[in-house]
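These are the residues of each chain, in order.
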Amino acid sequence: MSSFSRSAQQWATFARSWFLIDARMQPPGKIAVMCSVRLQGKHKPIYHSLDCGDHVVVINTRHIAFSGNKWEQKVYSSHTYPGGFKQVTAAMLHQKDPKAIVKLAVYGMLPKNLARRTMMQRLHLFPDDELPDDIRANLTEELPQPREIPRKLSEYTQEEIDAFPRLWT
Amino acid sequence: MAARSVLMSIWTSFTGLKLGVTSTRLSAFQRINVPQLPTLTIQSRGVRQVVEKQEDKTTMIEGQILDVPAGPQPPNPEAKCPIYRWNLQHKYNYTDVLLLSQFIRSDGGMLPRRITGLCPQEHRKIAICVQMAHRAGLLPDHKPKLPEGHVPKRLKPQLNRYLTRWSIKSVKPIYKAGLKWCKKRMSVGHPALKNNVRYSVKPLYIKH
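Residues numbered from 1 in each chain as written. Chains lettered and ligands numbered in written order. Predicted model: local features only at pLDDT ≥ 70, side-chain atom pairs only at ≥ 80, totals over all residues. Heavy atoms only, no water.

Under the annotation held in an unreviewed UniProt entry, chain A carries the name Large ribosomal subunit protein uL13m and is attributed to Monopterus albus. The record in UniProt for chain A states the following under Subcellular location (unreviewed entry): "Mitochondrion". Database annotation for chain A, UniProt heading Sequence similarities (unreviewed entry): "Belongs to the universal ribosomal protein uL13 family." (UniProt positions renumbered as here; feature names shortened; annotations may be inferred.)

The following block contains the structure:
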């Protein structure tokens, strides 16, 4: 802002902000895109590959929604040692660890360099609504959800249901 | 004799006809020699309320026609299918629950085509959208009734999903997805809805 003093403007440009994303009923891929953009710092006009990323906090990762039949079809594989090749479906992985799907999605979308690990350290995932107090104190901005959540039939009021015309009798 | 009594009952029901707003198709019986009403009238069987009156030894069961106020007129009344009558051909999706709920039973199944009057293509599309809405959990009150005292053996994992084409139990995991040029894609949505109106520039993305 032009009305800031020089030191305040400097601080506002280079400070590391904390973003909050609610992943309830959202596809994990779209959440991961938003996270990776902000972790790299690509949302800033002063972007440089040397560390200008911000912190991102994702809540409700237990309640993400996959489109299609990906819960059953998507397979996460892990080669740890010869003979230790494991393949787990998204549903089984989510049951074992509700943060893993979002974490793997963000990890795959970050640039494949040494800065990726530091960027992953700045990503904070929480399976439910509860946040520790120190992280809650740091939050600056909440990002809008990428997908519009459709309304259930029980969420419509009786007036709206009556106002909709009967198509056939 | 039975046919004559059927035709008499049809004639009496015709006299009690209301000039309703929306048209319904005539049933199979009525297509056989029935006097043609003038073409301007739109026929509909009124909603009837069953009233039982008990006298000395006789019980009178009467279907009284309720006076339901006429709803809004469809913009295209000459079409046969209700979706075409209201010009909703390529405009609905699995999220339009208010529309879909008019074509389903209370336990979630689809109503037969001969009752709703849908054309076969639209009936199939609505059935697909209803399936997707059920799998997305948008119709929570239209579940089939379980027998009383039924306790599920294993708690099913509550996973949120949307635009699911296949049924959950029928899908197998893709262990070997293949290289980019021959990848086994995961299908999202349904190709029957590919002609839906899109207001954005991006094409419909079905193979993820």
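Participant: Any chance you could break down the overall build of chain A for me, citing the residues and the numbers?
Facilitator: Check the secondary structure of chain A and you find eight helices and seven strands. Over its C-alpha atoms chain A spans a radius of gyration of 20 Å, topping by over 25% the 15 Å that the globule rule assigns to 169 residues. For chain A, the C-alpha atoms occupy an extent of roughly 70 × 60 × 30 Å along the three principal directions. The buried share among the 169 residues of chain A stands at 43%. Sequence-distant contacts in chain A: of pairs separated by 6 or more residues, those separated by 24 or more amount to 65%. (Helix = DSSP H or I, 4+ residues; strand = E, 2+ residues; numbered from the N terminus. Rg over C-alpha atoms; globule rule 2.2 N^0.38 Å. Buried < 20%, exposed > 50% of the residue type's maximum accessible area, 1.4 Å probe, protein only. Contact = heavy atoms within 4.5 Å.)

Participant: Any details on the interface of chain B and chain A? Residues and values, ideally.
Facilitator: Opposite the 44 residues of chain B that make contact, chain A presents 34 residues. Taking both sides of the interface into account, the surface hidden between chain B and chain A amounts to around 3500 Å²; carbon and sulfur atoms contribute 63%. Between chain B and chain A we count one salt bridge in total. As a salt-bridge pair, E72 of chain A and R161 of chain B come within 3.0 Å of each other at their nearest N and O atoms. Counting across the interface, chain B meets chain A through 16 residue pairs in polar contact (both at pLDDT 80 or more). Residues belonging to the side of chain B that touches chain A are distributed by class as follows: 26 nonpolar, 13 polar and five charged. Here three bridges tie strand β3 (residues 65-67) of chain A to strand β3 (residues 160-162) of chain B, and the two strands are oriented parallel to one another. By the bridge assignment, S67 of chain A is partnered in β3 of chain B with Y162 of chain B. (Buried area = accessible area lost by both parts, 1.4 Å probe. Salt bridge = Lys/Arg side-chain N within 4 Å of Asp/Glu carboxyl O. Polar contact = N/O pair within 3.5 Å; in protein donor to acceptor, adjacent residues only side chain to side chain. Nonpolar A, V, L, I, M, F, W, Y, C, P; charged D, E, K, R; others polar. Pairing = 2+ DSSP bridges.)

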